[in-house]
Structure formats: C-alpha cells, structure tokens
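# Residue-level structural notes
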Amino acid sequence: MDFCYKTAEVWQIIGYAFLVLKIVIPIILVVLGIVDIGKAVLSSDEKLIKDGVMKLVKRVIAAVIIFFIPTVINVLFQFIGGFSESIRNDYDNCIDCLTSPNGNCDTSYDDNMFE
C-alpha cells in the first residue's frame, strides 16, 4: 500500500492549507465577535449586548473546532492505519503531511520501498 507516499505532495499542500486556516479563521472569528460586542456596548442596548455575546460564544466555539480539525484527522487516521504495518506506515505519512506539512512529511517516493 503506497497511496499516501505517491500522493504526499497533495496531502502536504492540504496540510499547509489547514495550517493557515487553523490560525487565520479562529483569529477572524474572535475579532468579529469582539467587534459585535463593541458595537452592542456602544449602543447601550441590552438586547444587542446579549445577541453580541451569543455570537461571540458561537464564534469562539467554531474557532476551537476549526483549530482542532487536524487533531481529529490524526485520530481518524490512527484508527484506519491500525491494520498492518505497511498500511500503518503509509497512513502515518498521510498523517504527517496533513498535521505537520513542514515536518516529517516524506514526499520522496520510491517504487521499491514497499517490496
């Protein structure tokens, strides 16, 4: 089984996208929530303040979920890769490329590596 080694560059690009998104999206969501609360506080409307706090809470929850997507992917791949040693090695490379694209991702593929 060598699917992840053959497609490692694709998984690495997806990993970089996840890395950027898991940092940028939570920041944007929290900043937008703070802006909503700021507007509500400046208007001194009790209902707007309550709505702003609820939006902020929802956005913080969404930010935390987005931040932990790579961890969830890692856990899923750990379950999938638990069948045999060759499959596990292959899926470990997918995990490395998705969760740590500039770390242990092996993008070099050799046709003889799984013989």
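Here the structure is shown first, and the text comes after it.
What you see is a predicted model, and the numbers here were worked out from it, not measured in a lab.

Within the secondary structure, serine 100 sits in the segment after helix H5 (85–99). For the pair serine 100 and leucine 19, spaced 81 residues apart in the sequence, the C-alpha separation amounts to 8.2 Å. Apart from residues no more than four positions distant in its own chain, serine 100 is found in contact with Ile95 and Cys105.

Mapped onto the fold, glutamine 12 is located in helix H2 (residues 8–43). Given a relative accessible area of 18%, glutamine 12 falls into the buried group. Beyond its immediate stretch of four places on either side in the chain, glutamine 12 contacts Cys97, Pro101, Cys105 and Thr107.

With that out of the way, let us pick up the packing of aromatic side chains. With the rule as written, the count across this model stands at 1 aromatic pair. Geometrically, the ring pair formed by phenylalanine 3 and tryptophan 11 is edge-to-face, given 6.3 Å between the ring centres and 75° between the ring planes.

Let us now look at helix H3 (residues 46–67). In a regular helix each residue adds 1.5 Å, so 22 residues correspond to 32 Å; H3 covers 31 Å between its end C-alpha atoms and thus fits that length. When H3 is considered as a whole, its buried residues turn out to be Gly52, Leu56 and Ala63. When H3 is viewed along its axis, its buried side chains cluster within an angular range of 40° and face the same direction. Residues of H3 that are exposed and point over 90 degrees away from its buried face: Glu46, Lys47, Lys50, Lys58 and Ile65. The elements touched by buried residues of H3 are H2.

Analysis parameters
- Residues numbered from 1 in each chain as written.
- Predicted model: local features only at pLDDT ≥ 70, side-chain atom pairs only at ≥ 80, totals over all residues.
- Heavy atoms only, no water.
- Helix = DSSP H or I, 4+ residues; strand = E, 2+ residues; numbered from the N terminus.
- Contact = heavy atoms within 4.5 Å.
- Buried < 20%, exposed > 50% of the residue type's maximum accessible area, 1.4 Å probe, protein only.
- Phe/Tyr/Trp six-rings, centres within 6.5 Å; stacked < 30°, edge-to-face > 60°.
- Expected span 1.5 Å × (residues − 1).
- Arc of directions from axis to C-beta.

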